[in-house]
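Residues per chain, in single letters:
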2 protein chains.
Amino acid sequence: MSAAPHSAPIHTDALVIGAGPVGLFQAFQLGLQGIHCHIVDALPHVGGQCVELYADKPIYDIPGIQVCTGRELVARLEQQIAPFQPTCHLSQRIEQVQTSPEGWHVRSDQGTEWLAQTLFIAAGVGAFVPRSLSIEGLTPHLHQQVWFGSQSLPAFAGQHLLIAGDSDAALQICLDAMDTAASVTLMHRRDKFDAEPDRLAAFEAARQAGRIRFVAGQATELRTQPAAQGERLAGLTYLDAEGQTHAQPFDHLIMALGVSPKLGPIAEWGLAIERKQLVVNTETFATSAPGVFAVGDINTYPGKKKLILCGFHEATLAAFGAVAHLRPNDKTLLQYTTTSAVLHKRLGVA
Amino acid sequence: MSAAPHSAPIHTDALVIGAGPVGLFQAFQLGLQGIHCHIVDALPHVGGQCVELYADKPIYDIPGIQVCTGRELVARLEQQIAPFQPTCHLSQRIEQVQTSPEGWHVRSDQGTEWLAQTLFIAAGVGAFVPRSLSIEGLTPHLHQQVWFGSQSLPAFAGQHLLIAGDSDAALQICLDAMDTAASVTLMHRRDKFDAEPDRLAAFEAARQAGRIRFVAGQATELRTQPAAQGERLAGLTYLDAEGQTHAQPFDHLIMALGVSPKLGPIAEWGLAIERKQLVVNTETFATSAPGVFAVGDINTYPGKKKLILCGFHEATLAAFGAVAHLRPNDKTLLQYTTTSAVLHKRLGVA
């Protein structure tokens, strides 16, 4: 990978880490308080678990919404926060958080830097990172011969491709590549796929026509060969259901295995932690560090339930906590969106 | 008034006092936990302040609902709690709450009695009771010659009526009565009304036609006359804008002056109180009394904000608190409405 770009940090009053439903509502409550925020998420889209894990599944316990899917809830929240125009930074994972007299220095794996006066950790069960095959030696070949299906991929014209996975994304990569690649092989541990009927039908038709090959097996080892510069991947070996080992050559390996959450470096930011959760007070949902709040599934306190609606409450009190931190002399009383002219102006409904 | 009926108390696991948005959502969260509840409210309808004070005004900060009126929010919550069929007791104000080894004995002003294992006080700013003219001696004549406009009224055919108020309700009572009453007079301190344009136009037309009379003034004193049994109201005196006293005779006085919240006897139930708010812990929103929870605007704790969405969170944790109280050996883990077969069955979506 190329070195991260070096640039001046983005100065902001508030940085929200995590664009799940609670992170989005955090932006709303900050907006009501007149605080603009930046939001950063490891996924290429907003919505977090709601979109990644239950986009089309029903949720019944959002107050006032009898039923909605994860995707619908996120769309509703996006609409609600629109007046406040938070700045979203997607496909970026926070790697470093450091305190300083000027504020919190935060840096993503893409090299983006922020200097934030307050931080809101709404990271749920952690950053969702693409799942990898559990074989050794993949990392040095990333973005050379090994790719994640969730990232933007090169054309692969005239190349022999091995795709790992059974999802819609995996099948679509096969279908997209079959016209230009030299060969397309899909590998999954069994001949059964977790995909939409239409896409599955297209895939099976291409397979019948011999344009896509399928192998059932579990990858065990990478195979390499000497090359002009160092070594090059030649393919991998896999075990079939009978325990037989086979070789599968490829020019490129594309892993479309979904995502899994990783708490990642949050544990190293110097905040009080209890069983991998950030300890907060229930007055402002502040962590042990001044100006750092934790809301949603990542925090813990007596009585904590990991429910979205509880995260909404936490984000609300955290926004009031941020006001006390950013504007310590502000003695504004609680205002209501129903009656406050100030809030109407901020909401754009004046 | 007739004496309250004497009957056996209603046995229930949970009694929710207050049918505002938070009380309604309390019933939802109890339902998810498999606990049926009774709800009681002083108003003749559910919805509390949401319907009484801002039925048609917009609310912008319910998570996932960009904008809705108070009435819409209540309708949405009613729909959401429908699967759990809570038993509603309206137009009843709780007068007495007493602990006993069997549970909490609760009694309303209508004589209804409950024996409840858990109590949820979701009474907002108190019970909404109809506003009265501030003159002495009204009470003995209630339901004889003095009435509240919010209650069901007799026909009043051939009677001289004085209606006090300036609202839609006050004007509508005049319009309804003018065909059968001997005379209809509306009294308000000034010749200006807080009513819908259509109703106001109908009222002004009837006034022009001499079918309704209007007097501007402030009631000062009741006037009585001897009657066969004790004494009878003959009318009242009022001050006009110039400070002149006038007499206004009536057979019946109907007060349509809106409602005002009264904390009422809650202060006498032996619960810890701080500046008229019930002190709760933030783990289960339990008050100082075992099995009694307080949620929404009536409670207080460090960081408390009187917001509906915070009440939703409080009601949720209070329902978990009730489970711990009612089924102390229940070690059920948190279940999600998205995935739990048990919750789907309770919600009727199995």
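Refer to the structure printed above.
Basis of the calculations
- Residues numbered from 1 in each chain as written.
- Chains lettered and ligands numbered in written order.
- Predicted model: local features only at pLDDT ≥ 70, side-chain atom pairs only at ≥ 80, totals over all residues.
- Heavy atoms only, no water.
- Contact = heavy atoms within 4.5 Å.
- Buried area = accessible area lost by both parts, 1.4 Å probe.
- Salt bridge = Lys/Arg side-chain N within 4 Å of Asp/Glu carboxyl O.
- Polar contact = N/O pair within 3.5 Å; in protein donor to acceptor, adjacent residues only side chain to side chain.
- Helix = DSSP H or I, 4+ residues; strand = E, 2+ residues; numbered from the N terminus.
- Nonpolar A, V, L, I, M, F, W, Y, C, P; charged D, E, K, R; others polar.
- Buried < 20%, exposed > 50% of the residue type's maximum accessible area, 1.4 Å probe, protein only.
- Least-squares fit on C-alpha atoms with pLDDT ≥ 70 in both.
- Pairing = 2+ DSSP bridges.
- Axes fitted to C-alpha atoms, helices over the stretch in contact; angles between N-to-C directions.
- Phe/Tyr/Trp six-rings, centres within 6.5 Å; stacked < 30°, edge-to-face > 60°.
- Core = buried A, V, L, I, M, F, W, Y, C linked by side-chain atoms within 4.5 Å.
- Expected span 1.5 Å × (residues − 1).

**Student:** I'd like a rundown of the interface of chain B and chain A, residues and numbers included.
**Tutor:** Taken together, the 41 residues of chain B in the interface contact 41 residues of chain A. Between chain B and chain A lies a buried interface of about 3700 Å² when both sides are counted; carbon and sulfur atoms form 64% of it. Applying the counting criterion to the chain B and chain A interface returns 0 salt bridges. Between the two partners, chain B and chain A, sit 21 residue pairs in polar contact (both at pLDDT 80 or more). If you list the elements that add at least two residues to the side of chain B that touches chain A, you get α1 (21–32), β3 (58–59), α3 (70–81), α6 (308–326) and α7 (341–347) of chain B. When residues in the side of chain B that touches chain A are grouped by element, the largest group, 7 residues, is from α6 of chain B. Its residues placed into classes, the side of chain B that touches chain A shows 23 nonpolar, 12 polar and 6 charged.

**Student:** So what's going on with the side chain of Thr-338 of chain B? Which residues, and what values?
**Tutor:** Tracing the sequence through the fold places Thr-338 of chain B in the loop between α6 and α7. Looking at Thr-338 of chain B, the relative accessible area reads 13%, which means it is buried. In this structure, Thr-338 of chain B is in contact with Tyr-54, Lys-57, Pro-58 and Ile-59 of chain A together with His-344 of chain B, ignoring residues within four places of it in sequence.

**Student:** Describe the relation of the copies chain B and chain A, listing the residues and the values that go with them.
**Tutor:** For the pair chain B and chain A, the relating rotation is 180°, the translation along its axis is 0.2 Å, and the fit reaches an RMSD of 0.3 Å. In short, the pair behaves as if placed about a two-fold rotation axis. Distance from the rotation axis, computed per C-alpha, reaches its smallest value in chain B at His-313 of chain B: 3.1 Å. An overlap of 100% is found between the interface residues of chain B and their copies at the interface of chain A, pointing to a shared contact surface.

**Student:** Before we move on, could you go through the sheet that holds strand β22 (residues 299–300) of chain A and cite the residues and values that matter?
**Tutor:** All names here are of chain A. Spatially, the 3 strands line up as an open sheet ordered β19-β20-β22, and their pairing is mixed. This sheet does not close on itself; its edge strands, each paired only once, are β19 (273–274) and β22. Strand direction decides the pairing type here: β19 and strand β20 (residues 277–279), joined by 2 bridges, are antiparallel. In the sheet register, Ile-273 faces β20, and the bridge partner there is Leu-278.

**Student:** Can you lay out the sheet that holds strand β15 (residues 231–239) of chain B for me, pointing to particular residues and giving the numbers?
**Tutor:** All names here are of chain B. Reading across the sheet, the 3 strands line up as β14-β15-β16 and stay open at both edges, with antiparallel pairing between neighbours. Edge positions in the sheet fall to β14 (218–226) and β16 (245–249), since each has one partner strand and no second. Adjacent strand axes in the sheet meet at a mean angle of 30°, parallel and antiparallel pairs treated alike. Direction of pairing for β15 relative to β16: antiparallel, over a ladder of 5 bridges. Paired with Tyr-238 across the bridge in β16 is His-246.

**Student:** Describe the pattern of salt bridges, and please don't skip the residues or the numbers.
**Tutor:** Residue and element names in this part refer to chain A. Here the structure, examined in full by the defined rule, presents 18 salt bridges over all chains. With its nearest N and O atoms 2.7 Å apart, the salt bridge here joins Arg-107 to Glu-113. On the basis of relative accessible area, Glu-113 is assigned to the buried category, the value being 19%. Between Asp-191 and Arg-207 there is a salt bridge, with the nearest N and O atoms lying 2.8 Å from each other.

**Student:** How would you sum up the packing of aromatic side chains? Please name residues and give values.
**Tutor:** Under the defined criterion, the tally for this structure stands at 16 aromatic pairs over all chains. Pairing Phe-285 of chain A with Tyr-301 of chain A gives two aromatic rings, centres 5.3 Å apart and planes at 70°, and the pair type is edge-to-face. Of the two residues, Phe-285 of chain A is situated in the loop between β20 and β21 (292–294) and Tyr-301 of chain A in the loop between β22 and α6 (308–326); the sequence distance between them amounts to 16 residues. Take Phe-285 of chain A and Tyr-301 of chain A: they sit in the same class, and that class is buried. Ring centres 5.1 Å apart and planes at 10° place the aromatic pair Phe-120 of chain B and Phe-293 of chain B in the stacked group. Of this pair, Phe-120 of chain B sits in strand β8 (residues 113–121) while Phe-293 of chain B sits in strand β21 (residues 292–294), placing them 173 residues apart in sequence. For the pair Phe-120 of chain B and Phe-293 of chain B, one class covers both residues: buried.

**Student:** Can you lay out the pairing of strand β6 (residues 94–100) of chain B for me, pointing to particular residues and giving the numbers?
**Tutor:** All names here are of chain B. By the bridge criterion, 6 bridges tie β6 to strand β7 (residues 103–108) in an arrangement that is antiparallel. By the bridge assignment for β7, Ile-94 is matched with Ser-108. From the end of β6 to the start of β7, which pair antiparallel, there are 2 residues.

**Student:** An account of the nonpolar core is needed here, citing residue identities and associated values.
**Tutor:** Leu-30 and Ile-121 of chain A together with Leu-30 and Ile-121 of chain B are the most contacted members of the largest nonpolar core, which has 139 residues in total. What Leu-30 of chain B contacts, discounting residues up to four positions off in sequence, is Ala-14, Val-16, Ile-35, Cys-37, Phe-120, Ala-319 and Ala-322 of chain B.

**Student:** Which residues make up α6 of chain B, and what values do they have?
**Tutor:** Spanning 19 residues, α6 of chain B covers 26 Å between terminal C-alpha atoms, matching the ideal 27 Å at 1.5 Å per step. Here α6 of chain B lies mainly inside the structure; 16 of its 19 residues are buried.

**Student:** Report on the side chain of Thr-118 of chain A, specifying residues and quantitative values.
**Tutor:** All names here are of chain A. Relative to the elements of secondary structure, Thr-118 occurs in strand β8 (residues 113–121). Given a relative accessible area of 0%, Thr-118 falls into the buried group. At 2.7 Å, the side chain of Thr-118 and the backbone oxygen of Asp-13 are in polar contact. In contact with Thr-118, other than residues within four places in its own chain, are Asp-13, Ala-14, Leu-15, Gly-291, Phe-293, Ala-322, His-325 and Leu-326.

**Student:** Before we move on, can you summarise the environment of Gln-80 of chain A with the specific residues and values?
**Tutor:** By secondary structure assignment, the location of Gln-80 of chain A is in helix α3 (residues 70–81). Owing to a relative accessible area of 2%, Gln-80 of chain A belongs among the buried residues under this scheme. The spacing of Gln-80 of chain A and Leu-347 of chain A is 267 residues in sequence and 9.1 Å in space, taken between C-alpha atoms. Ignoring sequence-local partners within four residues, the contact set of Gln-80 of chain A consists of Phe-25 and Phe-28 of chain A together with Tyr-60, Asp-61, Ile-62, Pro-63, Gly-64, Ile-65 and Gln-66 of chain B. At 3.0 Å, the side chain of Gln-80 of chain A and the backbone oxygen of Ile-65 of chain B are in polar contact.

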